[in-house]
Amino acid sequence: VLRRTTIAALALIAASASATGCTASAGGSPPVALSTPGGIPTPSPSGRPGTARPSTGRPAPTARPTTTRPRPTPTPTRPPAGPPRGTVVVIDPGHNGGNAAHPEVIDALVPAGFGQYKPCNTTGTASNAGYPEHAFNWDVAQRVRTVLAARGVSVLFTRGNDTGVGPCVDDRAGFGNAHHAAAVVAIHGDGHIGGHGYHVIEAARAPAGSAMAAASHRLAVAVHDRYGAESGFTPATYVGSGGYDHRTDLAGLNLSTRPTILIECGNMRDSADAARMGTAAGRQRLAQAIADGILRYLAG
Ligand SMILES: [Zn+2]
């Protein structure tokens, strides 16, 4: 009741206080859990049974032997490390591909923590060449999941595709809480006119006590440091300090009771950042950096 009666009054406040850049995500449909099996893909069986070919008049090929030498087992390039089996990490790929077509859903105000209200979700930004942030976030999230799943981490996403609407920011936060995630990482690309680089955003106010805030900060430092070392991006030149920012207005941080951060992987309106973010190789590199940071955090 409170929410409905105050929604009109708060709309102006929310609109005037809307976040710069892209960070305001969440949306309509409920979050979808995508559990991923851990482990390394099983190599395909070696040796194929001989198959008969249709007669062509040529001599029949010699049948292959039915036994083959065993092939060496592929060795992972990195040794398996740390997190206990069943460790849950929630990845929140910001925005969604259907948001732009459904303003009636994503513009609805939802609780954003500490008495604030914000739109359910936003469309996100895009590069000057038209590469949308939601697609970038979705692609990077999958790459992070692949790395983490190979180490036995159970990775859940807050949305199940890149064509839907939402979910809303408060639902995204609730998803990580409900699954008791060991870490929650929201993935975004920023859309700022001027400046470049990445930054990691932490809650300026501790929503779940000092111990959880300390855990979130450890996660922030772990991801920040690996990202800075591996991704090829520099700390943001236009916001925060040294690649860190602290905000009071993000529902995903304010409503989380788990260790939670949001990373703006780069500034999509900057041509050099966008060039890296727009290629599969670039996204793989930064996704590996994020995953390495998460693994370092999980290792304690
Ligand atoms: Zn965003």
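Residues numbered from 1 in each chain as written. Predicted model: local features only at pLDDT ≥ 70, side-chain atom pairs only at ≥ 80, totals over all residues. Heavy atoms only, no water.

Bringing the pattern of salt bridges into the picture now. Counted by the stated rule, this structure contains eight salt bridges. In this structure, the salt-bridge partner of D92 is R172, at a minimum N-O distance of 2.8 Å. One end of the pair, D92, is in strand β1 (residues 88–93); the other, R172, is in helix α4 (residues 169–178), with 80 residues separating them in the sequence. Residue classification places D92 among the buried residues on the basis of a relative accessible area of 9%. On the basis of relative accessibility, which here comes to 3%, the residue R172 falls in the buried class. (Salt bridge = Lys/Arg side-chain N within 4 Å of Asp/Glu carboxyl O. Helix = DSSP H or I, 4+ residues; strand = E, 2+ residues; numbered from the N terminus. Buried < 20%, exposed > 50% of the residue type's maximum accessible area, 1.4 Å probe, protein only.)

Attention now goes to the environment of G160. Positionally, G160 belongs in the loop between β4 (154–157) and α4. For G160, a relative accessible area of 29% gives the class partly exposed. Spatially, the C-alpha atom of G160 lies 9.8 Å from that of N96, the residues being 64 residues apart in sequence.

So, on to the packing of helix α3 (residues 133–150) against helix α8 (residues 280–298). Two elements in contact, α3 and α8, have axes separated by 8 Å at closest approach and are oriented at 50 degrees. Relative to α8, α3 is oriented oblique. Taken as a pair, α3 and α8 cross one another with a handedness that is right-handed. Within the contact between the two elements, α3 uses F136, D139, V140, R143, V144, V147 and L148 and α8 uses A280, R283, Q284, L286, A287, Q288, I290, A291, I294 and L295. Of the residues contributing to the contact of α3 with α8, the split by class is twelve nonpolar, two polar and three charged. (Axes fitted to C-alpha atoms, helices over the stretch in contact; angles between N-to-C directions. Parallel < 35°, antiparallel > 145°, perpendicular 65-115°, else oblique. Left-handed = near helix turned anticlockwise from the far one by under 90°. Contact = heavy atoms within 4.5 Å. Nonpolar A, V, L, I, M, F, W, Y, C, P; charged D, E, K, R; others polar.)

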